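One letter stands for each residue in the lines below.
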Amino acid sequence: MSEVLSGTAIIVGAGHAAGELATHMRDNGWRGRISVIGEEGSLPYHRPPLSKAYLAGTVTAQSLLIKPMAVFESANIEFIGGVRVNTIDRAGSRVHLADGRTAHYDRLILATGGRPRPLPVPRIQQRTPDNFHYLRTLADVDRMREQFKPGKRLVIIGGGYVGLEVAAVAIERGLNVTILEALPRVLARVTAPELSAFYAARHRNAGVEIRTDTQVEDVQLDPSGNAITAVVSVDGSWFEADLVVVGIGLVPNVELASDAGLAVDNGILVDEFGQTSDPDIYAAGDCTNHPNRFFGRRLRLESVPNALEQARCVAASVCGKPKAYVSVPWFWSDQYHLKLKMVGLSQGYDQLVMRGTTESECFAAFYLKDGYLLAVDTVNRAPEFMLAKRLISERIRVDPCRLADEGIPVKDLLTHP
Amino acid sequence: MPTIIFIQPDGSEQRIDAPLGLSVMQVAVNHQVPGILGDCGGSCSCATCHGYVEREWAQHIPVAEPYENDMLTCAADVTESSRLSCQIIVTPQLDGLVIRLPPTSR
Ligand SMILES: Cc1cc2nc3c(=O)[nH]c(=O)nc-3n(C[C@H](O)[C@H](O)[C@H](O)COP(=O)(O)OP(=O)(O)OC[C@H]3O[C@@H](n4cnc5c(N)ncnc54)[C@H](O)[C@@H]3O)c2cc1C
């Protein structure tokens with residue numbers, strides 16, 4: 001093992017997971033070369049503000065960097081930005097870069113994240129109209145922000161977190177905002193009907209128009225073909241638009257792995273240490289499909305905590321200090337002054353317990369199964385969020401009546417659940 | 001530039017020159033101070049930048065907003081001196097500030 005520590009580690013991708021991997025591998029004793037190769041030109045940066053403060057223009061691009069260059073330099077981590085890794089040659093332990101270079105590795109770690117799920121409208125496949133936007137990278141937001149002007153008609157396709165966050169920023173900016181959601185409610189894939197109704201109402205109060213059960217089929221282009229003028233739904237409704245933002249999910253970047261023959265199934269398949277089906281190759285972050293002990297099944301998650309915490313475990317494991325990734329999933333989303341934080345996965349709950357009321361905009365929705373907590377959604381309720389993290393990870397049985405009783409301080413729920 | 005002193009549970013110290021206007025969390029992250037992670041990027045969402053501020057320093061720092069205190073309610077190893085370092089901004093008055101790290105860094 002100590003031999004490999006003086007070898008070469010290559011990390012593909014330069015997002016949340018990659019940056020954390022690189023510095024933690026150094027901390028865990030990797031003495032040899034560490035190269036981070038990323039298709040985006042930037043050092044790893046915080047993605048969540050892209051649909052929040054950065055879109056709103058209240059923070060600068062510089063402030064988005066997770067760590068400054070100096071950290072990577074002092075840890076002697078090589079950063080190769082703006083270059084894509086095209087293929088992995090497993091037999092030769094090499095990667096081929098888009099600029100023609102090849103690089104040898106002793107250990108390879110894939111942290112390739114994902115890309116926006118494309119809108120299946122044939123008319124825009126050949127050429128992307130100037131006012132049509134996906135939202136994943138800093139470059140995406142920079143392009144979109146120029147068109148983010150008061151009075152403009154913004155049509156958002158997809159009522160998930162990204163869509164709702166963009167809507168909140170846009171309506172406060174003075175744009176006219178319409179959200180088109182194919183399913184019967186917003187946030188349908190991630191939360192209970194109660195929460196969806198709460199968020200839909202909050203957005204409508206702010207002036208956002210929300211159309212559910214509205215599946216987009218086509219767009220109309222202006223004569224030049226460079227700009228969308230309207231979005232057209234399956235039932236023939238038209239939504240006039242000055243700009244269009246699409247947030248309909250993520251496709252994990254697995255092709256590099258699958259082309260090299262690694263096992264892939266809704267994400268790159270890894271074990272709890274982040275090892276792929278090739279023992280020299282690991283993976284971390286949004287691109288992985290990994291086992292989760294608390295929920296007894298495999299998960300592919302799209303969140304910063306998942307990327308960072310998994311990266312830390314993988315960094316240790318690569319360095320010969322196997323550390324299983326055992327973590328309760330959690331996530332946050334900021335819209336208006338609402339701080340939503342969720343822990344766990346609510347799928348399969350048999351009881352929903354509310355603590356506080358949705359009217360107060362300060363509440364927690366607990367999802368239980370057989371008396372154990374599966375998940376919680378908290379809105380402006382940090383104590384319950386922190387509580388739930390511990391109730392789930394320590395598998396503490398809870399009394400639903402006590403959870404609902406606001407007379408009982410949150411701290412007491414932990415000691416006498 | 002003010003100096004901020006981070007002290008680990010084992011007593012080891014890091015003295016760091018802290019640029020004005022940065023959060024104490026970012027200062028720590030920029031120098032790889034163990035135990036301060038700042039996973040959420042300073043949006044007061046994760047409590048992975050928890051530290052203890054000694055009493056004599058508390059008067060030089062704006063008191064915690066309710067939301068910060070809420071985050072600390074059920075965090076591990078919380079004491080009266082607990083703060084989230086992402087919410088403390090470096091000012092000239094903080095020269096010599098001591099931040100102690102809690103025993104459990106997650
Ligand atoms: C607008 C927006 C808002 C979000 N808000 C939140 C939030 O509030 N809270 C939260 O927890 N999460 C949020 N997320 C999700 C979070 O940002 C991701 O889960 C996280 O960034 C995943 O990190 P990662 O390192 O796995 O992947 P990424 O950060 O996607 O990084 C992968 C990198 O790899 C590069 N890459 C891919 N293939 C190659 C290749 N072949 N060669 C070289 N480079 C390659 C990509 O260009 C990319 O830069 C948000 C995401 C978006 C887009």
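Quick caveat, the model's predicted, so the values are computed rather than measured.

Student: Which residues make up the site of the ligand, and what values do they have?
Tutor: All names here are of chain A. Near the ligand, the surroundings consist of 34 residues, among which Ala17, Glu40, Lys52, Arg136 and Asp286 are the closest. Between the ligand and the protein, one listed contact pairs an oxygen atom with a side-chain N or O atom of histidine 16 at 2.9 Å. Note that a nitrogen atom of the ligand is positioned 3.0 Å from one of the backbone N or O atoms of glutamate 39. For the shell around the ligand, the element with the most residues is helix H8 (residues 304-318), which contributes three residues. Broken down by class, the residue content of the shell around the ligand amounts to 15 nonpolar, eleven polar and eight charged.

Student: Go over the pairing of strand S13 (residues 216-221) of chain A with me, naming the residues and quoting the values.
Tutor: Residue and element names in this part refer to chain A. As judged from the five bridges shared by S13 and strand S14 (residues 228-233), these two strands associate in the antiparallel manner. Its bridge partner lying in S14, leucine 221 is registered against isoleucine 228. The turn joining S13 and S14, which pair antiparallel and follow one another in sequence, is formed by six residues; a positive phi near 80° is taken by glycine 225.

Student: Outline the interface of chain A and chain B, supporting the account with residue identities and numerical values.
Tutor: Facing the 27 residues of chain A at the interface are 21 residues of chain B. Mapped onto the side of chain A that touches chain B, the elements with two or more residues apiece are helix H1 (16-27), H8, strand S22 (330-335), strand S23 (338-344), helix H9 (382-393) and helix H11 (410-415) of chain A. Among the elements that take part in the side of chain A that touches chain B, H9 of chain A stands out by supplying seven residues, more than any other. The residue makeup of the side of chain A that touches chain B, split by class, is 14 nonpolar, three polar and ten charged.

Rules used in this analysis
Residues numbered from 1 in each chain as written. Chains lettered and ligands numbered in written order. Predicted model: local features only at pLDDT ≥ 70, side-chain atom pairs only at ≥ 80, totals over all residues. Heavy atoms only, no water. Near = heavy atom within 4 Å. Polar contact = N/O pair within 3.5 Å; in protein donor to acceptor, adjacent residues only side chain to side chain. Helix = DSSP H or I, 4+ residues; strand = E, 2+ residues; numbered from the N terminus. Nonpolar A, V, L, I, M, F, W, Y, C, P; charged D, E, K, R; others polar. Pairing = 2+ DSSP bridges. Contact = heavy atoms within 4.5 Å.

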